[in-house]
Amino acid sequence: MSKKPVFVCNACGATTSKWAGQCDSCNEWNSITEEKPLTSSSSSKAIGGKRGGKITLTALDTKETPPARTRSLMDELDRVLGGGLVPSSAILVGGDPGIGKSTLLLQAAAMFASNGLKTIYISGEEASAQVRMRAQRLGLKDAPVMLGAETNLRDILTTLEEEKPQLAIIDSIQTMWVDTVDSAPGSVSQVRSAAHELTSFAKSKGTSVILVGHVTKDGQIAGPRVVEHMVDTVLYFEGERGHQFRILRAVKNRFGPADEIGVFEMTGAGLQEVRNPSALFLSERGTATPGSVVFSGIEGTRPVLVEFQALVAPSPHSQARRTVVGWDSSRLAMILAVLEARCGIPFAGLDVYLNVAGGLKVSEPAADLAVAAALLSAREDAALPEGAIVFGELSLSGALRNVSQTENRLKEAQKLGFTSAIMPKGKKTPKVAGMATSGYEDLTEFVGAIFGAG
Ligand code: TYD
Ligand code: MG
C-alpha cells in the first residue's frame, strides 16, 4: 500500500491529499497540516495474516443490571449525567475558554471524592500549585482529590494504571501529548489519539474519564468532532460573558436523556447550583413592557420559564438588520415571513432585534408563538396582558400547533405567579388551578384577540 501524505484540517477534521491555505470544507485559513497516515497498512496486515478470535454473542433478553451510578451530590450535575456517574464511562465537557470548566470539574472532583470515589485530577494547563490555590479558595482543600500536572499521556496512563482511580479528570484534552504521534499538541491527530487512548483505558480498566475540551469560536470542540463519537457523553458548558449564569447541557448521552440542562451561577466562591432556574431567568423582570414575553419552555426533563425580548425600530440602512441572541436566526426569518404573508403585518424597513434574557439558548419550536408575540408587541408598542405566558408552534400556513408537556408548562408558570396562558387551541387542554388558558387556532385569530388588528 502506498503511503501518500494526508492533510487534515484542524478546524473541521476534513482530509485532503494536497496542502492548501484554506480548507475547502469549512473555509478556515491556515488550518491544514500534514499527518502521518493512520495505521491502515498494519491493521490490514493483521486482518490478512491472522484469524481473529470468536466474539461472545448474546440474546436481546439477556438480563442486564443497570449500572451502579455514583452521585456527586451536585444535583444539577447528576441530572445532566442522567442520574450520576456511570463506571467506565468517558465524558467530554466542552466550552469556551474561561467559561468555568476547570472550576466545575475541580468542584465535581471534590464532590465525587468526598462521596467515596478515588479521584485523580490531571491538569495539563495549570501548575499543581495553581489548582491547589483555587481549591483552597473554593473551600475544597480537605477533599481527598489527588492532583497531578502533566501533559505526557504515556506517563499519565502509567500513573492511572498504578493508582487505579475510579474517576480521572483530564484538563484539557488539547494539551495532551502522545509521543507516538509527531504533530503538535492540540492538532487533530494528537487530540484524536489522546482521546482514543483515554477512552480505551476507561473501558478496559473501569475508570470513568472526564475530558475537558476547548471550543472554537464557532462552537465546535477544537480540532476533531471525532472525539464526540468516541465518548459516551458529551456535555457543553455554556453561558454569556458578563452574565453569571452557566448552563451545562447534555448534547449526547448513552446513559441518560440528551438535552438535559443543569444551571449554575458563577460566584466569588465558585459555581453554585441553581435549583429554580425559572426564578433566576425572570429575576430582572419588572412589570409587563412592550416587546417582552415570557415563554414556558421545556429544557430536558423540566420546565423553564424564560423571557423573550424584542425591539423593532425603523431602519436607517437600506437593508434592515435582523439580530438574534439565544434563538435560531432562520427560525426568526420564518416567523417574520409568516407574520407578513398570513397576517399582512410587514417588517420590511424595520430593524428587528430578538434576545433571550439570561443567556439561555432556546431551540424548541414551541417558542414560535412567544417570538411572534414579542415581535408584534414590540412593533405595536403594546404590552401583553400582565401575568401571561406564551407557548405554541407555528406552521407556515399560520396555524398554531400543540406542543408536548402542556401541563408541565402551565404548572411551572402557575408556581411562579403567572395567571394566564396564551397557547394553541387543543382538544383537551389540561386544567391547572389558578391558570386561565386562551387557545387560538391560528396566528390571525391570536393577533386579532391580543392586538386588536388582523
Ligand atoms: P476556569 O474554570 O478557569 O475556566 P476554563 O477552565 O473553562 O477556562 O474559570 C475561569 C473564570 O471563572 C475566571 O475568569 C474567573 C472565574 N471564577 C469566578 O468567578 N469565581 C471562582 O470562584 C473561580 C474559581 C473562577
Ligand atoms: Mg481551564
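Rules of the game
Residues numbered from 1 in each chain as written. Chains lettered and ligands numbered in written order. Predicted model: local features only at pLDDT ≥ 70, side-chain atom pairs only at ≥ 80, totals over all residues. Heavy atoms only, no water. Pairing = 2+ DSSP bridges. Helix = DSSP H or I, 4+ residues; strand = E, 2+ residues; numbered from the N terminus. Axes fitted to C-alpha atoms, helices over the stretch in contact; angles between N-to-C directions. Contact = heavy atoms within 4.5 Å. Buried < 20%, exposed > 50% of the residue type's maximum accessible area, 1.4 Å probe, protein only. Lys, Arg positive; Asp, Glu negative; His and termini not counted. Salt bridge = Lys/Arg side-chain N within 4 Å of Asp/Glu carboxyl O. Polar contact = N/O pair within 3.5 Å; in protein donor to acceptor, adjacent residues only side chain to side chain. Domains from an automatic or database assignment. Near = heavy atom within 4 Å. Areas by Shrake-Rupley, 256 points an atom, 1.4 Å probe, with all protein chains shown as cover. Left-handed = near helix turned anticlockwise from the far one by under 90°. Nonpolar A, V, L, I, M, F, W, Y, C, P; charged D, E, K, R; others polar. Phe/Tyr/Trp six-rings, centres within 6.5 Å; stacked < 30°, edge-to-face > 60°. Right-handed = clockwise from strand over helix to strand, strands pointing away.

(A) Layout of the sheet that holds strand 9 (residues 233-238). Spatially, nine strands are ordered 6-5-7-8-4-9-10-11-12 in an open sheet, and the strand pairing comes out mixed. Because the sheet does not close on itself, it has two edges, and the strands there are strand 6 (145-149) and strand 12 (270-273). On average, each strand axis in the sheet is inclined to that of its neighbour by 25°, with strand direction left out of account. Note: strand 9 against strand 10 (residues 245-253), six bridges, orientation antiparallel. Pairing of V234 across the sheet is with K252, part of strand 10. Across the sheet, helix 5 (residues 153-163) touches strand 5 (119-123), strand 6 and strand 7 (167-171), and the angle it forms with strand 5 is around 170°. With respect to the sheet, helix 6 (residues 188-205) is in contact with strand 4 (90-95), strand 7 and strand 8 (208-214), its orientation differing from that of strand 8 by roughly 160°.

(B) Region of interest: the side chain of D171. Following the sequence through the fold, D171 ends up in strand 7. An unpaired buried charge is present at D171: no salt bridge exists, and R134, the closest side chain of opposite charge, is 5.6 Å distant. A polar contact is formed between the side chain of D171 and the side chain of S102, at a distance of 2.7 Å. In this structure D171 touches S102, Y121, I122, S123, G124, E125 and V212, once residues within four positions along its chain are discounted.

(C) Here's a closer look at the domain arrangement of the chain. Domain boundaries assigned for the chain yield domain 1 (1-38), domain 2 (75-274) and domain 3 (280-451). One C-alpha centre belongs to domain 1, the other to domain 2; they are set 28 Å apart.

(D) Structural context of the environment of L376. Among the secondary structure elements, L376 is positioned in helix 10 (residues 368-380). Judged by relative accessible area, which is 1%, L376 ranks as buried. As for L376 and R154, which are separated by 222 residues in sequence, their C-alpha atoms are 60 Å apart. When neighbours within four sequence positions are excluded, L376 is seen to be in contact with L339, I345, D381, F446, V447 and F451.

(E) Structural view of the sheet that holds strand 21 (residues 436-440). Taken in spatial order, the seven strands make up an open sheet running 15-16-14-13-17-20-21, and their pairing is mixed. Because the sheet does not close on itself, it has two edges, and the strands there are strand 15 (322-325) and strand 21. Direction aside, the axes of adjacent strands within the sheet are offset by 25° on average. Relative to strand 14 (residues 302-314), helix 10 is tilted by about 35°, and along the sheet it contacts strand 13 (292-299), strand 14, strand 16 (350-356), strand 17 (388-390) and strand 20 (420-424). Lying over the sheet, helix 12 (residues 443-451) contacts strand 20 and strand 21, oriented at roughly 135° with respect to strand 21.

(F) Local environment of the site of ligand 1. The environment of ligand 1 is made up of 16 residues, and the closest members are G98, K101, S102, T103 and G270. G98 is positioned with one of its backbone polar atoms (N or O) 2.7 Å from an oxygen atom of ligand 1. Here an oxygen atom of ligand 1 sits 3.4 Å away from a polar atom, N or O, in the main chain of I99. Out of a free accessible area of 560 Å², ligand 1 has 72% covered by protein chains. If you list the elements that add at least two residues to the shell around ligand 1, you get helix 3 (101-114), helix 4 (128-137) and strand 11 (261-267). In terms of residue count, the dominant contributor to the shell around ligand 1 is helix 3 (three residues).

(G) Layout of the packing of helix 9 (residues 329-343) against helix 10. The geometry of helix 9 relative to helix 10 is characterised by a closest axis approach of 10 Å and an angle of 65° between their N-to-C directions. Considering the relative orientation of helix 9 and helix 10, their crossing is right-handed. The segment helix 9 lies against helix 10, with R331, L332, M334, I335, L336 and L339 engaging D368, V371, A372, L375 and L376. Among the residues forming the contact of helix 9 with helix 10, the class breakdown is nine nonpolar, no polar and two charged.

(H) Highlighting the packing of aromatic side chains. Taken as a whole, this structure holds six aromatic pairs when the rule is applied. Pairing F295 with F308 gives two aromatic rings, centres 5.9 Å apart and planes at 70°, and the pair type is edge-to-face. Here F295, found in strand 13, pairs with F308, found in strand 14; they are 13 residues apart in sequence, far enough to count as distant. Accessibility assignment for this pair places F295 and F308 in one class, buried.

(I) Broad picture of the pairing of strand 7. Among the five residues in strand 7, five count as buried, and that is most of the element. Every second residue of strand 7 is oriented toward a common face, with L167, I169 and D171 on one face and A168 and I170 on the other, all of them buried. Across four bridges, the pairing between strand 7 and strand 8 is parallel. Note on strand 8: the bridge partner recorded for I170 is L211. Since strand 7 and strand 8 lie parallel, the crossover through helix 6 that links them has a hand, and here it is right-handed.

(J) Looking closely at the pattern of salt bridges. Per the counting criterion, the structure on display carries 19 salt bridges. Residue R71 pairs with D78 through a salt bridge whose shortest N-O separation is 3.8 Å. Under the relative-accessibility criterion, R71 is labelled partly exposed at 40%. The buried category is assigned to D78, whose relative accessible area is 0%. Among the ionic pairs, D75 bridges to R275, the shortest N-O distance being 3.7 Å.

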